[in-house]
Amino acid sequence: ILMTDIPPMESSPTLSTDFTVGSALLGLFGGLILAFTASLHLLLRGRITGISGIVQALSTLSLAPAKRQWRLGFLAGMVLASVALSVAWPARYAADALDPQPPIALLAGALVGAGTKLGSGCTSGHGVCGLPRLAVRSLVAVATFFTVGVVVATLIGAAGARDALVRPVQPGPYGRLLALGAGVCLAGACALLSRRPARTSSGAALVHKDVEEGGGGQGHWNDVLSTPTFDALLSTLLGAMFALGLTTAAMQQPSRVLGFLDASPLLGLRTSGAGWDGTLAFVLGGAVGLNLFTFRAILRRTQGPVYAVAFELPTATHVTRELVTGSAIFGAGWGLSGLCPGPALCALGAGKPYALFFVAAMLLGQAGAERATQPPSHGHAPTATGLPPARETQAAQRPPAAPGGGGVAMDVGSAGPPPVSSVAPIAPA
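Residue positions are given per chain, counted from 1 along the sequence in the order it is written. Two thresholds apply to this predicted model, a pLDDT of at least 70 for residue-level local features and 80 or more for giving and counting side-chain atom pairs, whereas whole-chain, interface and lining totals are computed over all residues. As a rule here, side-chain values cover all heavy atoms of the structure and leave hydrogens and water aside.

Draft legend 1. Region of interest: the overall build of the protein chain. Starting at the N terminus, helices and strands are each numbered in turn, a helix being any DSSP run of H or I of at least four residues and a strand any DSSP run of E of at least two. Helix and strand counts for the protein chain come out as 16 helices and 2 strands. The buried label applies to any residue whose accessible area, calculated with a 1.4 Å probe on protein chains only, is under 20% of its type's maximum; exposed applies above 50%, and partly exposed to all values in between. The burial tally for the protein chain puts 52% of its 429 residues in the buried class. A sequence separation of at least 24 residues applies to 80% of the contacts in the protein chain between residues at least 6 apart. Counting every atom, the protein chain has about 18500 Å² of accessible surface; 68% of that belongs to carbon and sulfur. Contact definition: two residues touch when any of their heavy atoms are within 4.5 Å. Residue exposure ignores everything except the shown protein chains as possible cover, and the areas themselves are Shrake-Rupley values with a 1.4 Å probe.

Structure follows, in structure tokens:
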């Protein structure tokens, strides 16, 4: 029923004819899938599902192998699932009226990449995962990029300039084949990294989770499920689930996102063209609403994540100029194209040509922002954990957590500069 044409919610010239009861319910259901995926990731591995941070596996060279490995698996799952979904559900990836032209995709991708790096996250990290934790930084970031996105999209819509920036394109078989190859390569790289355990500079192997001794029974299965191989498989599955959520909610369609951000029909600044589309509100409402309950329950677990030593939560708590500036830059790119990292990867998997330009520019934008904000190098080579030698030594000297004890560990691969302290009580970031 949800996939059939349903009349608009009400007869009003300000509402898009594509904004139906069906699109709203599918948006809500897609948001719930996103929330379930993020909650499962937090429960099992203690990680925040921020796509812009996960994409850093491809944009930064300083990431530790253990942190690059699971990110590659997640990206492989997203891309491969999008390839399959574009074949099984072609209407979801058909030519969209607001598909950006390649030059616009390049500019928007660079803005999104630089902005998410400086602002430490995007709609998934700050929105789906940050708002449920009542993180002040995420509240400020979401308010900033939504405000800027609405302003940019509304100005373009009110000026009647949107038609000059778009060119609807059908996904091509060659693009889909290229995406399939990219997904296989990502999965292969993840598999290779999963075969080498992460080690400190002293050569000691990093343990994922304290397990029962005895060599069999429950302890044996805990040992197996804490291995890098299982982590790679789990990350790939979670990536596929996230892509399913985005596809169900139609967030890979720029018209859905820009239909929400462009408020010109509601303000009476534009009377022609598509009206306002509220699908995005149902997506974010469903995702944040569910995670408000699940995240709080998961983070209260005294034993920590199921298959990890501690929760990897952002430790930065202060609202900085970098956070606000980066979020504003991201919002500008979002309002220009209607794309953010997750939907762009889905469009790439479907073989949309503009997605290749967007993703490439996004990676370059992240790399450029990282280089611009990097402190002066003192000639230290990165260690296996991703920490400078001095900080890795300090971390190694800390007393280990009690077996089974829950806690919070800094995700050294997350976007944004964290404070020096890498271990902190569970608190909003």
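Draft legend 2. Examining a nonpolar patch on the surface more closely. Put simply, a patch holds well-exposed residues, over 30% relative accessible area, that have no salt bridge, with like charges counted together within 9 Å and Val, Leu, Ile, Met, Phe, Trp or Tyr side chains within 5 Å. Salt bridges are defined by distance alone: a side-chain nitrogen of Lys or Arg within 4 Å of a carboxyl oxygen of Asp or Glu. A cluster of nonpolar side chains, namely Val21, Leu25, Leu28, Phe29, Leu32 and Phe282, defines an oily patch on the protein surface of about 460 Å² accessible area. The element best represented in the nonpolar patch is helix α1 (residues 21-45), accounting for 5 residues.

Draft legend 3. Just helix α12 (residues 279-299), in detail. Any helix carries an expected span of 1.5 Å times its number of residues minus one. Taking 1.5 Å of rise per residue, 21 residues should cover 30 Å, and α12 covers 30 Å from first to last C-alpha, within 8% of that figure. Residue Asn291 marks the point of greatest curvature in α12, where the axis turns by about 35°. The complete set of buried residues in α12 reads Thr279, Leu280, Val283, Gly286, Ala287, Val288, Asn291, Phe295, Ile298 and Leu299. To obtain the bend at a residue, axes are fitted to the seven residues ending there and to the seven starting there, and the angle between these axes is taken.

Draft legend 4. Quick peek at the packing of α1 against α12. Here an axis means a line fitted to C-alpha atoms, over the contact stretch when the element is a helix, while the angle between two N-to-C directions is reported on a 0 to 180 degree scale. Axis separation between α1 and α12 bottoms out at 7 Å; the angle between their running directions is 25°. The orientation of α1 with respect to α12, classified from their angle, is roughly parallel. Both α1 and α12 take part in a crossing whose hand is right-handed. Classifying every residue of the contact of α1 with α12 by side-chain character gives 16 nonpolar, 8 polar and no charged. Roughly parallel refers to an angle under 35 degrees, roughly antiparallel to one over 145, roughly perpendicular to one between 65 and 115, and oblique to any angle outside these ranges. In this scheme the handedness of a crossing depends on how the near helix is turned from the far one: anticlockwise by less than a right angle means left-handed, clockwise means right-handed. Each residue is assigned to one class: nonpolar for Ala, Val, Leu, Ile, Met, Phe, Trp, Tyr, Cys and Pro, charged for Asp, Glu, Lys and Arg, and polar for all the others, Gly among them.

Draft legend 5. Inspection of the pattern of salt bridges at higher detail. For the coordinates displayed, the defined rule picks out 6 salt bridges. Between Asp231 and Arg47 there is a salt bridge, and its shortest N-O distance comes to 2.8 Å. Here Arg47 lies in the loop between α1 and α2 (51-54) and Asp231 lies in helix α10 (residues 228-249), a separation of 184 residues in the sequence. Summarising the burial analysis for this pair, Asp231 and Arg47 share the class buried. Among the ionic pairs, Asp277 bridges to Arg256, the shortest N-O distance being 2.8 Å.

Draft legend 6. The nonpolar core, seen in detail. Take the buried Ala, Val, Leu, Ile, Met, Phe, Trp, Tyr and Cys residues and link them wherever side-chain atoms come within 4.5 Å; each set so joined is a nonpolar core. In terms of nonpolar packing, the biggest core is built from 77 residues, with Ile51, Met78, Phe146, Trp334 and Phe358 touching the most fellow members. Excluding residues that lie within four positions of it along the chain, Phe358 makes contacts with Ala105, Ala108, Gly109, Val112, Ser337, Leu339, Cys340 and Ala344. Cys129, Ala287, Phe295 and Leu299 belong to the second largest nonpolar core, which has 12 residues in total.

Draft legend 7. Quick look at the state of the cysteines. We call a pair of cysteine sulfur atoms a disulfide whenever their separation is within 2.5 Å. A complete count under the given rule lists 0 disulfides for this structure. For the unlinked cysteine Cys340, the closest cysteine sulfur is that of Cys122, found at 5.8 Å. Note on Cys340: relative accessible area 7%, which makes it buried.

Draft legend 8. Expanded view of helix α4 (residues 65-88). Over its 24 residues, α4 extends 34 Å from the first C-alpha to the last, a length consistent with the 34 Å expected when each residue adds 1.5 Å. Where burial is concerned, most of α4 is hidden: 18 out of the 24 residues are buried.

Draft legend 9. Structural context of the packing of aromatic side chains. Two rings from Phe, Tyr or Trp (for Trp, the six-membered ring) form a pair when their centres sit within 6.5 Å of each other. Planes less than 30 degrees apart are called stacked, planes more than 60 degrees apart edge-to-face, and all others tilted. Taken as a whole, this structure holds 11 aromatic pairs when the rule is applied. Arranged with centres 6.3 Å apart and planes meeting at 80°, the rings of Phe146 and Phe260 form a pair that is edge-to-face. Of this pair, Phe146 sits in helix α7 (residues 136-158) while Phe260 is found in helix α11 (residues 254-261), placing the two residues 114 residues apart along the sequence. Judged by relative accessible area, which is 17%, Phe260 ranks as buried. An aromatic cluster of three or more residues is present, and its members are Phe19, Phe145, Phe146, Phe260, Trp276, Phe282, Phe330 and Trp334.

Draft legend 10. Layout of the side chain of Arg256. Structurally, Arg256 can be placed in helix α11. Judged by relative accessible area, Arg256 falls into the buried class, the value being 10%. Under this definition, polar contacts are N or O atom pairs within 3.5 Å; protein pairs additionally need one hydrogen-donor-capable and one acceptor-capable atom, and for neighbouring residues in sequence, both atoms have to be side-chain atoms. A polar contact is formed between the side chain of Arg256 and the side chain of Asp277, at a distance of 2.8 Å.

Draft legend 11. Structural detail: the packing of α7 against helix α13 (residues 321-337). Orientation of α7 relative to α13, taken along the N-to-C sense of each, is 35°, at an axis distance of 7 Å. The chirality of how α7 crosses α13 is right-handed. Contacts between α7 and α13 involve Arg137, Val140, Ala141, Thr144, Phe145, Phe146, Val148, Gly149, Val152, Ala153 and Ile156 on the former and, on the latter, Leu323, Val324, Ser327, Ala328, Phe330, Gly331, Ala332, Trp334, Gly335 and Leu336. Here the contact of α7 with α13 is built from residues that sort into 15 nonpolar, 5 polar and 1 charged.

Draft legend 12. Region of interest: the environment of Ser120. Residue placement: Ser120 occurs in the loop between α5 (102-118) and α6 (123-128). A distance of 3.4 Å separates the side chain of Ser120 from the side chain of Arg137, its partner in a polar contact.

Draft legend 13. How the structure looks around the environment of Val151. For Val151, the location among the structural elements is in helix α7. Classification of Val151 as partly exposed rests on a relative accessible area of 42%. Sequence separation of Val151 and Gly335 is 184 residues, and the distance between their C-alpha atoms is 7.7 Å.

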